[in-house]
Amino acid sequence: MAKSKVLIIGGTGYLGRRLVKASLAQGHPTFVLNRPDIGVDIEKVELLISFKMQGAHLVPGSFNDYKSLVDAVKLVDVVVCAISGVHIRSHNILLQLKLVQAIKEAGNVKRFLPSEFGTDAARVLETATAPGNVVFKDKMVVRKAIEEAGIPYTYVSANCVAGYFVGGLCQFGKILPSTDSVVIHGDGNTKAIYVAEDDIATYTIKTIDDERTLNRTLYIRPPKNVLSQRQVVQIWEKLISKELQKITLSKEDFLASMKVGASHYYDVLHEGCLTNFEIGNEGEEASQLYPEVDYITVEEYLKRYV
Ligand code: NDP
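The following refers to the structure shown. (Residues numbered from 1 in each chain as written. Predicted model: local features only at pLDDT ≥ 70, side-chain atom pairs only at ≥ 80, totals over all residues. Heavy atoms only, no water.)

A few words now on the side chain of Asp138. Relative to the assigned elements, Asp138 resides in helix 6 (residues 134–148). One buried charged residue, Asp138, forms no salt bridge at all, with the nearest opposite charge on Lys137 at 8.4 Å. Aside from chain neighbours lying at most four places away, what touches Asp138 is His91, Ile93 and Leu94. (Helix = DSSP H or I, 4+ residues; strand = E, 2+ residues; numbered from the N terminus. Buried < 20%, exposed > 50% of the residue type's maximum accessible area, 1.4 Å probe, protein only. Lys, Arg positive; Asp, Glu negative; His and termini not counted. Salt bridge = Lys/Arg side-chain N within 4 Å of Asp/Glu carboxyl O. Contact = heavy atoms within 4.5 Å.)

As structure tokens, then:
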């Protein structure tokens, strides 16, 4: 069977650039939205050119030009969107409503993967802590539009992106591991799930021609990476042969200092929102569906910082 043609939107982004790489690596004819809005952002332009040199097709198009979105979507079978959704960078999730409309009008797309790649919004919609819960509300607005338009979809729940969570030893506001002390959330024993960025992209692209993931959620739960904060810290301490001083941060103190991004850390590390449910019949688990993927463990990931 011929591989589906894929359009990646947000292709120069943190996850987007890996999705482009994974799509090319898995042999999909790969198209990348090239927004004129990026102007003279030389780093984005360089990335786009590097995609082209690796065989991707650059497609002009903008969220400010609806027709250009429809035209771009008509070129492909599958659309994967990785538009920004992290408050500390920027949050543009609702822009995807224009894309949903364009996909509906084009009428040819057999799968749409909206920008998800985190906690499963449907599971935490009622319980997630403010102010970060807005990201889940917005992602659910997009899901509702997709489902009402009858567009075939897959939602990817990628849990904690390793660069943010593992790099900072699960401390909010840090993305490099400390070598002296570490702030521990509560008792530090709540389990979370860490996934390397390249693995998120690999699993995501694997779903697009797979009927088992049609209109379902893919949960990426690599079993070796379901760890507590204390376990992540222990792996790091072993790698650097040094024990860190532990400073405990209670739920109450963390809640009192709440910022947008911090509320995600609270839900994950104090409330255990990623691991307090069984996947059941509503979704599929990535490492079980695709056992051939040799995923990166937290220990392997942490070695890059030594
Ligand atoms: P980025 O901040 O890297 O942005 C991705 C792309 O969004 C940009 O490269 C750009 O695409 C596009 N974009 C940004 N602003 C606009 C705009 N105004 N109009 C049109 N396009 C725009 O995103 P991330 O890769 O960090 O996030 C992608 C997804 O992953 C989000 O849904 C986010 O919530 C999730 N995520 C989850 C994490 C976790 O720990 N679970 C961590 C990080 C992200 P272009 O290439 O066209 O310029």
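Glancing now at the environment of Asp267. Looking at where Asp267 falls in the secondary structure, it is placed in helix 11 (residues 260–269). Spatially, the C-alpha atom of Asp267 lies 31 Å from that of Asp210, the residues being 57 residues apart in sequence. Setting aside residues up to four positions removed in sequence, Asp267 forms contacts with Ala128, Thr129, Gly272 and Cys273. A polar side-chain atom of Asp267 sits 2.5 Å from a polar atom in the side chain of Thr129. (Polar contact = N/O pair within 3.5 Å; in protein donor to acceptor, adjacent residues only side chain to side chain.)

So, on to the site of the ligand. The local shell around the ligand holds 29 residues, among which Thr12, Arg35, Arg89, Ser115 and Asn159 are the closest. One nitrogen or oxygen atom from the main chain of Leu15 is found 2.9 Å from an oxygen atom belonging to the ligand. At 2.9 Å, a side-chain N or O of Asn92 approaches a nitrogen atom of the ligand. In isolation the ligand exposes 920 Å². Once the protein is present, 87% of that is buried. Of the residues contributing to the shell around the ligand, the split by class is 14 nonpolar, 10 polar and five charged. (Near = heavy atom within 4 Å. Areas by Shrake-Rupley, 256 points an atom, 1.4 Å probe, with all protein chains shown as cover. Nonpolar A, V, L, I, M, F, W, Y, C, P; charged D, E, K, R; others polar.)

Attention now goes to the sheet that holds strand 12 (residues 216–219). Taken in spatial order, the three strands make up an open sheet running 8-12-15, and their pairing is parallel. The open sheet has two free edges, formed respectively by strand 8 (154–157) and strand 15 (283–285), since each of these has just one partner strand. For this sheet, the mean inter-axis angle between neighbouring strands, taken without regard to orientation, is 25°. Across four bridges, strand 8 lies against strand 12 in parallel orientation. Each bridged residue has a counterpart across the sheet, and for Thr154 the counterpart in strand 12 is Arg216. (Pairing = 2+ DSSP bridges. Axes fitted to C-alpha atoms, helices over the stretch in contact; angles between N-to-C directions.)

It is worth spelling out the pattern of salt bridges at this point. By the definition in use, this model includes 15 salt bridges. The partner of Asp120 in a salt bridge is Arg123, and the shortest N-O contact between them spans 3.5 Å. On the basis of relative accessibility, which here comes to 6%, the residue Asp120 falls in the buried class. Taken together, the shared-partner salt bridges in this structure form one network comprising Glu116, Asp120, Arg123, Arg143 and Glu282.

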